[in-house]
Amino acid sequence: MNILMVGAGSMSESLVRGWIDSGIAPESITMTNRADRKRLSELANEHGVQIIEEESIESFDIVVLAMQPEGVLEYVKRHEWTNQLLVSVAAHITPDEIEQISGCGAVCAMPNTPVAFRTGMTGLWFGHQVAMEQKQLATELFLRVGEVVETDETTMPFLMAAAGCSPAFFYEIVGAMTPVLTEAGFEAQQARRIIAQAMKGSAELLLQDARPTDALIDDVAAPNGPTDRGVQVLRTHELKKIMRAALSESAREA
Ligand SMILES: NC(=O)C1=CN([C@@H]2O[C@H](COP(=O)(O)OP(=O)(O)OC[C@H]3O[C@@H](n4cnc5c(N)ncnc54)[C@H](OP(=O)(O)O)[C@@H]3O)[C@@H](O)[C@H]2O)C=CC1
Ligand SMILES: O=C(O)[C@@H]1CCC=N1
């Protein structure tokens, strides 16, 4: 199975890192981009992948379109497609648009950068021309680097907000919490580790325990205790409203 990664940015590299860690041979992955040759050489040195400046599409089974959304359809138009599986990771592109131009089956995937550590969450939206074995192939490919959920036109924007974009929301939260700890005397990296480990443990608990989040809060918060008082601050400042607005804004096509 030969994979071409078109685009060599952070999403592309995260997928490549995760796939190689999952056992895919680096030599079966080829990366290309638009202009930044230095970046391609660095990726070849770091991951052992092939790099190419002028790609022949027919040598590949899977072509991952991992450039910015505005370049995707133009790239598909510029090339001759035979029987490749096209996988676009770009926001707000539809599989039907790609299939109409290429004549091949297309999948719109929405992964997130934690795929680099095989803890990703990916939404897959299959086009009408995707054959059953191609669906299986795409699903297996993303299962190598985390969990997969099938999406469609309606759910994809919200999956993107909640999984593709949300790592940045979590980093924003960590960035807001860290100074409180450093001001108390922790080193910055130590503060970050404390918060990240608490987030990781809480995420694990959320995955293992299906009770509502309010019940999980009750497990932590004694009435009028420190947690309860802190949660009340979040509620007074209407965190739920803020999160709803952030997710809705990310899901919206600009
Ligand atoms: N970052 C994330 O967390 C996520 C990103 N995505 C999607 O992934 C895609 C890439 O995002 P990200 O990696 O963050 O972006 P980056 O800006 O980090 O990387 C974009 C890459 O695409 C290349 N590129 C742009 N246009 C072309 C083209 N016409 N042909 C070949 N290569 C091209 C750029 O090359 P050069 O530098 O040479 O111009 C660069 O390597 C986007 O569509 C985004 O919506 C989806 C989920 C999560
Ligand atoms: O914000 C972006 O452009 C991409 C889409 C999903 C996550 N990052």
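Note that this is a predicted model, so its numbers are computed, not measured. (Residues numbered from 1 in each chain as written. Chains lettered and ligands numbered in written order. Predicted model: local features only at pLDDT ≥ 70, side-chain atom pairs only at ≥ 80, totals over all residues. Heavy atoms only, no water.)

### Thoughts on the site of ligand 1
Logical step 1: In the vicinity of ligand 1 lie 20 residues, with Ala8, Met11, Ala35, Asp36 and Met67 positioned nearest.
Logical step 2: Interatomic distance of 3.1 Å between a backbone N/O atom of Ser10 and an oxygen atom of ligand 1.
Logical step 3: Here an oxygen atom of ligand 1 sits 2.9 Å away from a polar atom, N or O, in the side chain of Gln68.
Logical step 4: Protein contact buries 78% of the 900 Å² of open area that ligand 1 shows by itself.
Logical step 5: Residue composition of the shell around ligand 1, by class: 12 nonpolar, six polar and two charged. (Near = heavy atom within 4 Å. Polar contact = N/O pair within 3.5 Å; in protein donor to acceptor, adjacent residues only side chain to side chain. Areas by Shrake-Rupley, 256 points an atom, 1.4 Å probe, with all protein chains shown as cover. Nonpolar A, V, L, I, M, F, W, Y, C, P; charged D, E, K, R; others polar.)

### Here's the deal with the UniProt feature "domain: Pyrroline-5-carboxylate reductase catalytic N-terminal" (unreviewed entry) in the protein
Logical step 1: Within the UniProt annotation, "domain: Pyrroline-5-carboxylate reductase catalytic N-terminal" (unreviewed entry) is assigned to residues 3-91.
Logical step 2: Helix makes up 34% of residues 3-91 and strand 20%. Its end C-alpha atoms lie 21 Å apart. (UniProt positions renumbered as here; feature names shortened; annotations may be inferred. Helix = DSSP H or I, 4+ residues; strand = E, 2+ residues; numbered from the N terminus.)

### Observations concerning helix α4 (residues 95-102)
Logical step 1: Within the span of α4, buried status applies to Pro95, Ile98, Glu99 and Ser102. An end-on view of α4 places all buried positions within 100° of arc, on one side of the element.
Logical step 2: Within two residues after α4, Gly103 carries a phi angle of roughly 75°, on the positive side. (Buried < 20%, exposed > 50% of the residue type's maximum accessible area, 1.4 Å probe, protein only. Arc of directions from axis to C-beta.)

### Some thoughts on the site of ligand 2
Logical step 1: Around ligand 2, the structure places Met110, Met160, Gly164 and Cys165.
Logical step 2: When isolated, ligand 2 has an accessible area of 250 Å², and the protein chains bury 44% of it.
Logical step 3: Among the residues making up the shell around ligand 2, the classes are represented as three nonpolar, one polar and no charged.

### Digging into the sheet that holds strand β4 (residues 62-65)
Logical step 1: Across the sheet, which stays open at both edges, the eight strands sit in the order β3-β2-β1-β4-β5-β6-β7-β8 with mixed pairing between neighbours. Of all strands in the sheet, those bounded by a partner on one side alone are β3 (50-51) and β8 (146-150).
Logical step 2: Sheet topology places strand β1 (residues 3-6) next to strand β2 (residues 29-32); four bridges connect them, and they run parallel. By the bridge assignment for β2, Ile3 is matched with Ile29.
Logical step 3: Strands in contact with α4 are β4, β5 (85-88), β6 (106-110) and β7 (120-126); relative to β6, the strand with the most contacts, it is inclined by about 145°.
Logical step 4: Running over the sheet, helix α6 (residues 156-184) touches β6, β7 and β8 and is turned about 35° from β6. (Pairing = 2+ DSSP bridges. Contact = heavy atoms within 4.5 Å. Axes fitted to C-alpha atoms, helices over the stretch in contact; angles between N-to-C directions.)

### Some remarks on the nonpolar core
Logical step 1: Ranked by internal contacts, the top residues of the largest apolar core, which has 29 residues, are Met5, Leu15, Trp19, Met31 and Val64.
Logical step 2: Ranked by residues supplied to this core, first place goes to helix α1 (residues 10-21) with four residues.
Logical step 3: Excluding residues that lie within four positions of it along the chain, Leu15 makes contacts with Met5, Val89, Pro111, Val115, Phe142 and Val145. (Core = buried A, V, L, I, M, F, W, Y, C linked by side-chain atoms within 4.5 Å.)

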